[in-house]
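Remarks on the overall topology
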Amino acid sequence: MSHSNISLFVPHAGCPHQCSFCNQKTISGSSEILTPEKVKCVLSDAVGHGNDPAQTEIAFFGGSFTAIERCYMVSLLEAAKPFVDRGFFSGIRISTRPDAIDSEVLDILKAYGVTAIELGAQSMDDGVLLANHRGHTKRHIQDASVLIKKQGFSLGLQMMTGLYTDTPEKAMKTCEEIIKLRPDTVRIYPTIVLEGTELFNLLRNGGYSPQSTEEAVELCSQLLERFNEENIRVIRLGLHSGGNVEEGYAAGPYHPAFGELCESAIYLRKAKKLLSEKYPVNNGNLCSLSAKPKATVFVNPKEISKMTGQKSSNKIKLYHDGWDIAVKGMNTLKKYEIIID
């Protein structure tokens, strides 16, 4: 059974800054204050609904958890901790700002059963952080990450692509800086323009152009592949569907299956490279049908749909580039491994 979270949103609570891209009501689908009573109610409902306790965490998302008023933070943890103590869930995961971490707050989190801390890093470029009003620097991310790991928590880092003043080159450099910190998990979010944000105003005034879906998929698939090479698990690509995201969406690369698009892009690149080496073609789609080399691409059986692409998009692209392929499964292959026959 795969890992899952029982998500509890603390909408915009504790955030001392209004980031250029942020509209927490839209992202979480809620503007109601989360109460300890609500925490108990949600967790009680989740108990016994088929979740594997060993693979399920309580997750406080949506705000800067360690920056909210301290008594309020502790009251939420007090409501959640008994469910961990009784073995219903494996631990508590929280997300917060890099500049809202110190030894004192980590001691509190550990005492109440928190096991994983995710930092909204977004970028490791100080210019990009400043332009998007993040209110922290690269150094804050580095120092907080070191402290979190030293205290024995699982470290998660979140990054964004396509931010105001960001570039693909800066994003790849952010990736390399994150790798140096050796997080246990990473989330990658392409920037979506939501109504009610500064980016929305910049978009209307012509001061900002979001990534296209194709651009975001290409970049995020490269990031995913790089993290995979370093055995760093990417646990999310793109915003979750649901809530009010579709309603508040104004522009940018939002797709409910964004992660699968990125994985398909990895397979397409790998297949094209191997096919080019084994069956070189000239003039791509100018080849006649009879001249197109026929090949079988083997992947792990669970990955066949990703190699094929949505609506056979990868097969179609490779056909136009000069190869007529079939896709089959081979159990001995790992994820992202390909054999051409």
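Residues numbered from 1 in each chain as written. Predicted model: local features only at pLDDT ≥ 70, side-chain atom pairs only at ≥ 80, totals over all residues. Heavy atoms only, no water.

1. Section: the confidence of the model for the protein
A low pLDDT means the predicted coordinates there should not be read in detail. Averaged over the protein, the pLDDT score is 92; the fraction of residues at 70 or greater is 92%. With pLDDT under 50 throughout, residues 285–289 is counted as low confidence; its partners more than four residues away or in other chains account for seven contacts. (pLDDT = per-residue confidence, 0-100. Contact = heavy atoms within 4.5 Å.)

2. Focus on unusual backbone geometry
Positive phi values are uncommon outside glycine, yet histidine 133 reaches one of about 60°. Assignment of secondary structure puts histidine 133 in the loop between α5 (126–131) and α6 (138–150). Since its relative accessible area comes to 35%, histidine 133 is described here as partly exposed. Unusually for a residue other than glycine, lysine 311 sits at a positive phi of about 55°. Tracing the sequence through the fold places lysine 311 in the loop between α12 (304–308) and α13 (313–321). (Helix = DSSP H or I, 4+ residues; strand = E, 2+ residues; numbered from the N terminus. Buried < 20%, exposed > 50% of the residue type's maximum accessible area, 1.4 Å probe, protein only.)

3. As for the sheet that holds strand β11 (residues 324–329)
Spatial strand order, β11-β10-β12: three strands in an open sheet with mixed pairing. The open sheet terminates on both sides in strands that have one partner only, identified here as β11 and β12 (339–340). As judged from the two bridges shared by strand β10 (residues 294–299) and β12, these two strands associate in the antiparallel manner. In the sheet register, phenylalanine 298 faces β12, and the bridge partner there is isoleucine 339. (Pairing = 2+ DSSP bridges.)

4. Some words on the nonpolar core
Soluble globular proteins tend to bury their nonpolar side chains together. Within the largest apolar cluster, 78 residues are counted, with the highest numbers of intra-cluster contacts made by Ile58, Phe60, Phe65, Leu109, Ile117, Phe227 and Met307. Aside from chain neighbours lying at most four places away, what touches phenylalanine 227 is Met159, Cys175, Ile178, Ile179, Val186, Ile188, Ile232 and Val234. Among the nonpolar cores identified, the runner-up in size contains 17 residues, and Met160, Leu163, Ile192 and Leu202 belong to it. (Core = buried A, V, L, I, M, F, W, Y, C linked by side-chain atoms within 4.5 Å.)

5. Remarks on the environment of arginine 70
One can find arginine 70 in helix α3 (residues 70–85). Separated by 35 residues in sequence, arginine 70 and valine 105 place their C-alpha atoms 9.1 Å apart. Excluding residues that lie within four positions of it along the chain, arginine 70 makes contacts with Glu104, Val105 and Ile108.

6. Remarks on the environment of valine 299
Note on placement: valine 299 falls in strand β10. Judged by relative accessible area, which is 0%, valine 299 ranks as buried. Separated by 237 residues in the primary sequence, valine 299 and glycine 62 have C-alpha atoms spaced 37 Å apart.

7. A few points about the pairing of strand β3 (residues 91–96)
Within a regular strand, side chains alternate between the sheet's two faces. Most of β3 is tucked away: six of the six residues are buried. Both faces of β3 are covered, namely the face carrying Gly91, Arg93 and Ser95 and the face carrying Ile92, Ile94 and Thr96. As judged from the four bridges shared by strand β2 (residues 56–61) and β3, these two strands associate in the parallel manner. What sits directly across from alanine 59, in β3, is arginine 93. Handedness of the β2-α3-β3 crossover: right-handed. Direction of pairing for β3 relative to strand β4 (residues 114–122): parallel, over a ladder of five bridges. What sits directly across from arginine 93, in β4, is alanine 116. With helix α4 (residues 103–111) bridging β3 and the parallel β4, this β-α-β connection has right-handed handedness. (Right-handed = clockwise from strand over helix to strand, strands pointing away.)

8. Focus: α6
With 13 residues, α6 extends 19 Å from end C-alpha to end C-alpha; this agrees with the ideal 18 Å at 1.5 Å per step. Those residues of α6 lying buried are Ile141, Ala144, Ser145 and Ile148. Projected onto a plane normal to the axis of α6, the buried residues spread over an arc of 105° and lie on a single side. Turned more than 90 degrees off the buried face of α6, the exposed positions are Arg139, Val146 and Lys150. Looking at the buried residues of α6, the elements they touch are α4, β4, α5, β5 (154–161) and α7 (168–181). At the C-terminal side of α6, glycine 152 shows a positive phi close to 90°. (Expected span 1.5 Å × (residues − 1). Arc of directions from axis to C-beta.)

9. Things to note about the side chain of aspartate 166
Examined against the element boundaries, aspartate 166 turns out to sit in the loop between β5 and α7. In this structure, aspartate 166 is buried with no salt-bridge partner, the nearest side chain bearing the opposite charge being lysine 170 at 5.7 Å. Among all residues touching aspartate 166, those that are not within four sequence positions of it are Val128, Met160, Thr161 and Ala171. (Lys, Arg positive; Asp, Glu negative; His and termini not counted. Salt bridge = Lys/Arg side-chain N within 4 Å of Asp/Glu carboxyl O.)

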